[in-house]
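# Observations on chain architecture
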Amino acid sequence: MSETSTKQVCLLDWDGTLRDGYVIFDWLEYLVENNKVDESFKHEMEHIKNRHLRHHTDYETMAFEAVNNFSQAMKGISPTDLQNLITSFWQEKQNLFDFTIPLIELLHELEIEPIVVTGSPLDVVRPCAANIGIETCFGLEFGVKAGLFDGTTILNTAVHRGKKAIVDQIKKHERTIALSFGDSESDMPLFEAAFHAYGIASDEKANDLAQKMAEALPKTLHEVLTPSDLSSKLDELRQLWVASGYVVQKRQPSAYPSTKPVMCRISFAKRACSGVR
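Quick look at the structure, then. Within any chain, residue numbers begin from 1 and follow the written order of that chain's sequence. In keeping with the model being predicted, local features are shown solely for residues with a pLDDT of at least 70 and side-chain atom pairs are shown and tallied solely at 80 or more, while totals for entire chains, interfaces and linings include all residues. Side-chain measures here rest on the full set of heavy atoms in the structure, leaving out hydrogens and waters.

### Some remarks on the overall build of the protein
- Secondary structure summary: the protein contains 10 helices and 7 strands in total.
- The buried share of the protein, taken over its 277 residues, is 51%.
- For the protein, restricting intrachain contacts to residue pairs at least 6 apart in sequence, the fraction spanning at least 24 positions comes to 70%.
- The Shrake-Rupley method, run with a 1.4 Å probe sphere, supplies the accessible areas, and residue values consider only the shown protein chains as cover. With the model as given, the accessible surface of the protein reaches about 13,100 Å², and the carbon-plus-sulfur share is 47%. Runs of H or I in DSSP of at least four residues are treated as helices and runs of E of at least two as strands, each being numbered from the N terminus. Burial classes: relative accessible area under 20% of the type maximum marks a residue as buried, over 50% as exposed, and values in between as partly exposed (1.4 Å probe, protein chains only). Should any heavy atoms of two residues lie within 4.5 Å, those residues are counted as being in contact.

Structure (structure tokens):
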């Protein structure tokens, strides 16, 4: 890949990729704990998750059922009333992998724009993503009527077709998708769009993800890494990405409205920032 002035981007899943765990499950549980949502929705979410873990449903089915349950749980709640809870949620349950902030810093250093494409609620993920230097996020969006969630889902990015729609939208902004990171088959649209795709998986799930990526990506450079592997390979990856030309010399303005990112290594409670802008 030759060096170019076209803006390079890196597509990043959130759950299981940058953060350990599923935000939609953790956030719903947090809302129950804070008496915002009836506990029956938490029990239904656990049932949905357990059916998938026992291989009774595939990932796409689990994702669809979880989003539908979550949208019903949120019905009648004001988004504005959740802002303080979102802040406290990230103070207590940030759960970012050790490599996450160094990876984002490396992407900024190489002027590769990080973009999150997640199956988690956008309004919940966006503040944490902005806190670690990610300006642009796409995620679950829910309907609001008269200032309250109305129980509908506007955009389901937890399933394959939802993420593919976002990838197609990003391509229309004349961005070159150099890299992508994900942890499941729902991230295949991210993997397929990139020059180099990285799967993130635990030791016990790595072989399964590697097989799925090999079958789906015969012409795409790809690799599966554990979180600890990625932490130790960032210097090596930097050299590879520079050698591959995933770096631009002329910065292009972002195609998406956003604020300048500020890298924060500490939780929302103590915003001690490294000043990377």
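Right, picking up where we left off after that structure.
### Points about the side chain of Lys 163
- For Lys 163, the location among the structural elements is in helix 7 (residues 160-172).
- Here Lys 163 falls in the buried class, since its relative accessible area comes to 1%.
- A polar contact is formed between the side chain of Lys 163 and the side chain of Asp 13, at a distance of 3.0 Å.
- Setting aside its immediate chain neighbours within four residues, Lys 163 contacts Asp 13, Val 117, Thr 118, Gly 119, Thr 157, Ser 186, Asp 187, Pro 189 and Leu 190. Any N or O atom pair separated by 3.5 Å or less is treated as a polar contact, with the protein-specific requirement of one donor-capable and one acceptor-capable atom, and with residues adjacent in sequence counted only for side-chain atom pairs.

### Looking at the packing of aromatic side chains
- Put simply, two rings from Phe, Tyr or Trp (the six-membered ring, in Trp's case) pair if the centres are within 6.5 Å, and we call them stacked under 30 degrees between planes, edge-to-face over 60, tilted for the rest. With the rule as written, the count across this model stands at 11 aromatic pairs.
- Ring geometry for Phe 97 against Phe 99: centres 5.6 Å apart, planes inclined by 15 degrees, an arrangement best described as stacked. Judged on exposure class, the residue Phe 97 and its partner Phe 99 are both buried.
- Here the aromatic rings of Phe 181 and Tyr 198 are separated by 4.9 Å at their centres, their planes lie at 15 degrees, and the arrangement is stacked. A residue pair is termed long-range when its members are at least 10 positions apart, and Phe 181 in strand 5 (residues 176-182) and Tyr 198 in strand 6 (residues 196-200) qualify at 17 residues. Summarising the burial analysis for this pair, Phe 181 and Tyr 198 share the class buried.
- Geometrically, a lysine NZ or arginine CZ counts as sitting over a ring once it is within 6 Å of the ring centre and also within 35 degrees of the ring normal. A cation sits over an aromatic face here: Lys 49 above Phe 25, 4.9 Å from the ring centre.

### Focus on the layout of surface pockets
- Looking at the largest pocket, its volume works out to about 780 Å³.
- If you go around the largest pocket, you meet 26 residues; those closest to its centre are Tyr 22, His 52, Leu 53, Asp 183 and Lys 205.
- Among the elements of the structure, helix 1 (23-33), helix 2 (39-53), helix 3 (59-74) and helix 9 (203-216) are those that each provide at least two residues to the lining of the largest pocket.
- Looking at which element gives the most residues to the lining of the largest pocket, the answer is helix 9, with 5 residues.
- Gly falls in the polar group here, along with every residue not listed as nonpolar (Ala, Val, Leu, Ile, Met, Phe, Trp, Tyr, Cys, Pro) or charged (Asp, Glu, Lys, Arg). For the lining of the largest pocket, a count of residues per class yields 10 nonpolar, 6 polar and 10 charged. A 1.4 Å probe that fits into a set of points on a 1 Å grid over the protein atoms alone but cannot get out defines a cavity; an open set with protein on both sides within 12 Å along at least five of seven lines defines a pocket, and lining residues are those with an atom within 4 Å of a point. Grid points are joined across faces, edges and corners, and a volume is the space filled by probe spheres set on the points.

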